[in-house]
Amino acid sequence: MNPIYICQEVFNPEDEYPVFDPDSVPAKLYVSPVNDELYDAETQQILIHFIISQNRFPVHLTIELLSGVSDELKTSFQKQAIDHSITNEQIGRTNTAVFRAILENQDAVNFAIAKTFWIACANQFYVLSCPDSLSYSKVQSTGWFGREKQILRPYFPTSSHASFIVVWHDGQGFNLYTSEEKFATSENLASHFSSNTRIEFG
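A short tour of the structure in this document, coming up. (Residues numbered from 1 in each chain as written. Predicted model: local features only at pLDDT ≥ 70, side-chain atom pairs only at ≥ 80, totals over all residues. Heavy atoms only, no water.)

1. A word on the packing of helix H2 (residues 70-79) against helix H3 (residues 106-121)
This is how the line gets drawn: In this description, a line fitted to the C-alpha atoms serves as the axis of each element, helices being fitted only across the stretch in contact, and the angle between N-to-C directions of two axes falls anywhere from 0 to 180 degrees. Strands are runs of DSSP state E lasting at least 2 residues, helices are runs of H or I lasting at least 4, and numbering of each runs from the N terminus. Roughly parallel here means an angle under 35 degrees, roughly antiparallel means over 145, roughly perpendicular means 65 to 115, and every remaining angle is called oblique. Residue contacts are defined here by distance: any two heavy atoms, one from each residue, within 4.5 Å place the two residues in contact. Three residue categories are used. Nonpolar comprises Ala, Val, Leu, Ile, Met, Phe, Trp, Tyr, Cys and Pro, charged comprises Asp, Glu, Lys and Arg, and polar comprises the others, including Gly.
Relative to each other, H2 and H3 sit at 170°, their axes nearing to 11 Å. It follows that H2 is roughly antiparallel to H3 by the angle criterion. Between H2 and H3, the contacting residues are Glu-72, Leu-73, Ser-76 and Phe-77 on the first element and Phe-111, Ala-112, Lys-115, Thr-116 and Ile-119 on the second. Of the residues that constitute the contact of H2 with H3, the class distribution is five nonpolar, two polar and two charged.

Structure, rendered in structure tokens:
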């Protein structure tokens, strides 16, 4: 595997798009390829390697979809016999199409990431989690001129054995949020990559 970069980040719930339990403080780590010329392909490789190396299935994929892609995704996942669904999370006039798939093995992980990663690169909310603990919750938000409004946000309860990966920023790396000690530091996380992988720490 090509060189990767890992750094520990400060977890501040106010800066996060997902909603967490008020008293939870998961570890937050950022992982990215060192080579930023082909970062989308490199990030896919890192993701697939990390997930498969854990041999911990099923893995749950959740994506907030762009308009116009639902039918093509449904057809592709049906052909691969991968369990999936598309639901509409709605509050007021705001409607969010959410795609969920259950990845039972290595082949499903390889297919799903290869097929959908472009959606993460378009800056849509894109999550891989184990176990499946994501739901949607109404939260209060302050809009223009201090006006309060309710919005829908993905919610993760943080158990003692929960980890999830959020891909952002055009697919240039991902954040791992975890309450598992085996991933909770940069050094611990690095130990889950092959010994010949060059790792740079931030």
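So, next bit.
2. Description of H3
The α-helix advances 3.6 residues per turn, and as a result positions three or four apart in sequence lie on the same side. Stated precisely, the cut-off is as follows: Helix span is expected to be 1.5 Å times the residue number reduced by one. One fitted axis covers the seven residues ending at a residue, a second covers the seven starting there, and the bend at that residue is the angle between these axes. Throughout this description, a polar contact denotes any pair of N or O atoms lying within 3.5 Å of each other; where both atoms belong to protein, one of them has to be capable of donating a hydrogen while the other can accept it, and for residues adjacent in sequence the pair is counted only when both atoms sit in side chains.
For H3, built from 16 residues, the straight-helix expectation of 22 Å at 1.5 Å per residue is met to within 8% by its first-to-last C-alpha distance of 22 Å. Of all the bends found along H3, the most pronounced is centred on Lys-115 and spans about 40°. The elements touched by buried residues of H3 are helix H1 (39-54), strand E4 (59-64), H2, strand E6 (94-103), strand E7 (126-130) and strand E10 (163-167). For H3, the side-chain oxygen to backbone nitrogen distance between the N-cap and Asp-107 is 3.2 Å, and the N-cap itself is Asn-105. Looking one or two places after H3, you find Asn-123, whose phi comes out positive at around 70°.

3. A short note on the side chain of Thr-62
Basically, it comes down to this: Under the scheme applied here, a residue whose accessible area is under 20% of the maximum for its type counts as buried, over 50% as exposed, and between as partly exposed, the area being computed with a 1.4 Å probe on protein chains only.
You can see Thr-62 is positioned in strand E4. Taking relative accessible area as the criterion, Thr-62 reaches 1% and is therefore assigned buried. When neighbours within four sequence positions are excluded, Thr-62 is seen to be in contact with Val-98, Phe-99, Arg-100, Phe-125, Tyr-126, Val-127 and Leu-134.

4. Description of empty space enclosed by the protein
As a reminder, the rule being used: The method works on a 1 Å grid over the protein atoms by themselves. A cavity is a set of points holding a 1.4 Å probe that cannot get out, a pocket is an open set with protein on both sides within 12 Å along at least five of seven lines, and residues with an atom within 4 Å of a point line them. Grid points are joined across faces, edges and corners, and a volume is the space filled by probe spheres set on the points.
Tallying each qualifying case throughout the model produces two cavities of 30 Å³ or more. The computed volume of the largest cavity comes to approximately 170 Å³. The wall of the largest cavity is formed by 14 residues, among which Phe-50, Ile-51, Gln-54, Cys-130 and Ile-165 lie closest to the centre. Sorting the residues of the lining of the largest cavity by element identifies H1, E7 and E10 as the ones contributing at least two each.

In short, shape yes, function no, at least from these values alone.
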